[in-house]
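Below are the chains, spelled out letter by letter.
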Amino acid sequence: MNTLHSAPGTSHEDGHRSAPPKKLHILLVDDDADDHMIIGDLLRETMADRVHLDWEPHYEQAKDKIRKGEHDAYLVDYRLGAKTGLDLIRECGDMGNPAPFILLTGYGDHDVDLEAMKSGVSDFLIKAQLNASMLERSIRYSINHAEAIETLREREESLRSLFDAAFEGIFVLAEDGRILDANSTAGTIFGCRPNEMIGGFLQDMLIDPEPLIATENARQALGRRCLDGGVVHLELHSKPYRFRGRACILTACRDISERVQMEAQIFQQDRLASIGLLASSLAHEIGTPLGVIRGRAELLGMKAGSDPLVNDNVAIIVSQIDRVSKLIRSLLNLARGDKAAHLAPFDPQEAITGVMDLMRHEFSHVDVKIRNELPPGMLVSAIGGPLHQVFLNLFVNSLHAIRTEIQSGKNKDHHLRIFAVDLGDRWEIGVEDSGCGISKTNLKKLFTPFFTTKDFGVGTGLGLATSYRILEAWGGNIRAESEEGKGATFYLSLKKA
Ligand SMILES: Nc1ncnc2c1ncn2[C@@H]1O[C@H](COP(=O)(O)OP(=O)(O)OP(=O)(O)O)[C@@H](O)[C@H]1O
Ligand SMILES: [Mg+2]
């Protein structure tokens, strides 16, 4: 923008000390041709060839010209036929044109003056009192003022874009935790626009929020539920801060889910390694004498002939030994895992159909709608047998959870849904049920060997630990999402074949 006489010391003057001042372009919006003449004469008197005056008597055409933003200032008459100059200024206010508006009126009116100020008018001149120097001065001050505001706006914009581009989510909080401002990264982490969070409480967006302690080194790792229902782990740092003159809290937050997941995996691997050692020595130490006891019991049974008391007891001994042997086999499975070298393209649909056939009888006793939404022909890198075992355990678990829910009186429309999400080089297969769900404490222990909430003899707590081991050996993984009373979803991530 050009200025007639910049204030001494402004950057504009400094930067162009030797350049001659450019011609100012002023637009006069006034439906009175006489006034056009008068204003033209006044401008010529003081500004001579440094000003070019355009004239527009029509309201709509004036709007078009203002929209183009080709003028350095606008002189707008208050009376413009059916509408007023203030109407025009208000309508043009959000066109992003930074040039100032000077309102001209036929007489002094305090209310119009006030209204003009509220509408962002730079100056208010009464035509009857107007003289050349007053007009020149008003234009010069208005342009300088508008330039200063524009510079401030640009600075604020660049600071804002820096704030938004920060790698961490940043919140400015009132002392009670109410959000006063948030950057774009915070919006991305919380799955909404920064503006939507303003006025709410940060604590309300977190699961189990610890109180926000604003000290120089405060560190808190918290979870939050994002829009698609997943839990994201956050690390928050808060420190005291002054914002717009009041005491506040500045909180930076970072998504640390990947790190938390990796730590959990390392912990799980360590546990499984020690269970593996234990299992293989147990298999030898217990398996061999068990085999001997079983053989001898059967021999005694044969010797006893048809004595029902002996035969019944032999049957009990044999079945109990089989149970222990099965447990040892499961333990060995868990410890062994499957080597990636044996992987081959496999359609998970095959495993699911096989397991469903096997469980047809169990499912027929419970009113569950089964929704198999896997796309046809998907292939993953897996081994058929163990994948059957994984789905069998997941479906049995879901069935148990749904039965528990029904037994506690929640006999809603129950479902078991199997679906797939394409993750590029992997498939994520989801198994979702409407069962009793899993408490937050239990959710952390699910894949730990021997963790079970089932009665003795019903569950050994090895199903999920074994599944974890199997998928991990194939370069995949398994994770769960659930809330108590709200069903559970297990996600198997498998490489595409
Ligand atoms: N879909 C589910 N809904 C609710 N809870 C579940 C679900 N799946 C697993 N669980 C919980 O996780 C625990 C561990 O499951 P896991 O399959 O490892 O062992 P289990 O089913 O108890 O015994 P096993 O599978 O060895 O017979 C279960 O006892 C149950 O509390
Ligand atoms: Mg199980």
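Structure: above.
I will try to describe carefully the structure that is included in this document. None of these values were measured; they are calculated from a predicted model.

1. A short note on the sheet that holds strand β3 (residues 73-77)
Within a sheet, each strand pairs with its neighbour through backbone hydrogen bonds, oriented either parallel or antiparallel. Taking strand neighbours across the sheet as the criterion, the 5 strands line up as β2-β1-β3-β6-β7 in an open arrangement whose pairing is parallel. Since the sheet does not close on itself, it has two edges, and those belong to β2 (51-56) and β7 (123-126), each with one partner. Strand-to-strand twist in this sheet, taken as the mean axis angle between neighbours without regard to direction, amounts to 20 degrees. In this structure, β3 lies alongside strand β6 (residues 101-105), joined through 4 bridges in parallel fashion.

2. Re the site of ligand 1
Not every one of the 23 residues close to ligand 1 is listed here, only the nearest: Ala401, Thr452, Gly459, Gly463 and Leu464. Elements with a contribution of two residues or more to the shell around ligand 1: α13 (384-407) and α15 (463-473). No other element matches the 4 residues that α13 contributes to the shell around ligand 1. Residues that form the shell around ligand 1 fall into these classes: 9 nonpolar, 12 polar and 2 charged.

3. Observations regarding the sheet that holds strand β18 (residues 477-482)
Across the sheet, which stays open at both edges, the 5 strands sit in the order β14-β16-β17-β19-β18 with mixed pairing between neighbours. Edge positions in the sheet fall to β14 (368-372) and β18, since each of these pairs with one other strand and no more. The average undirected angle you get between the axes of adjacent strands in this sheet is 15 degrees. Judged from the 6 bridges that link them, β18 and strand β19 (residues 488-495) form a sheet pairing that is antiparallel. The residue of β19 that forms the bridge with Arg479 is Tyr491. Helix-sheet contacts for α13 involve β14, β16 (414-422), β17 (426-433) and β19, and the interaxial angle to β17 is about 25 degrees.

4. Re the pairing of strand β1 (residues 24-29)
Taking burial as the measure, the 6 residues of β1 include 5 buried ones, the bulk of the element. Pairing of β1 with β2, which is carried by 6 bridges, proceeds in the parallel orientation. Note that in β2 the partner of Ile26 across the bridge is Leu53. As a crossover connection, the stretch from β1 through helix α2 (residues 33-47) into β2 is right-handed. Note that β1 and β3 share 4 bridges and pair parallel. The residue bridging Val29 from the neighbouring strand is Val76, located in β3.

5. Description of unusual backbone geometry
Within the chain, Ala48 stands out as a residue other than glycine whose phi angle is a positive 40 degrees. With respect to the helices and strands, the residue Ala48 is situated in the loop between α2 and β2. A positive phi angle is found at Arg244, which is not glycine, with a value near 45 degrees. Within the element layout of this structure, Arg244 appears in the loop between β11 (231-243) and β12 (246-255). Judged by the 8 C-beta atoms lying within 10 Å of it, Arg244 is exposed.

6. Considerations on the pairing of β19
Where burial is concerned, the two faces of β19 differ: the one with Ala488, Phe490, Leu492 and Leu494 is buried and the one with Thr489, Tyr491, Ser493 and Lys495 is not. Judged from the 8 bridges that link them, β17 and β19 form a sheet pairing that is antiparallel. Bridging across to β19, Val431 finds its partner in Phe490. Taking the residues between adjacent antiparallel strands as the criterion, β18 and β19 are bridged by 5 residues, where Gly485 takes a positive phi near 80 degrees.

7. Some details on helix α11 (residues 348-358)
The complete set of buried residues in α11 reads Pro348, Ala351, Ile352 and Val355. Angular distribution of buried residues about the axis of α11 spans 95 degrees; they occupy a single face of the element. Opposite the buried face of α11, by more than 90 degrees, sit the exposed residues Glu350 and Asp357. Looking at the buried residues of α11, the elements they touch are β13 (344-346), β14, β15 (380-382), α13, β16 and β17.

Cut-offs used in this document
- Residues numbered from 1 in each chain as written.
- Chains lettered and ligands numbered in written order.
- Predicted model: local features only at pLDDT ≥ 70, side-chain atom pairs only at ≥ 80, totals over all residues.
- Pairing = 2+ DSSP bridges.
- Helix = DSSP H or I, 4+ residues; strand = E, 2+ residues; numbered from the N terminus.
- Axes fitted to C-alpha atoms, helices over the stretch in contact; angles between N-to-C directions.
- Near = placed C-beta within 6 Å.
- Nonpolar A, V, L, I, M, F, W, Y, C, P; charged D, E, K, R; others polar.
- Contact = placed C-beta atoms within 7 Å.
- Buried ≥ 20, exposed ≤ 12 C-beta atoms within 10 Å, placed from the backbone.
- Right-handed = clockwise from strand over helix to strand, strands pointing away.
- Arc of directions from axis to C-beta.

So far we have only geometry, and geometry alone does not tell us how the molecule works.
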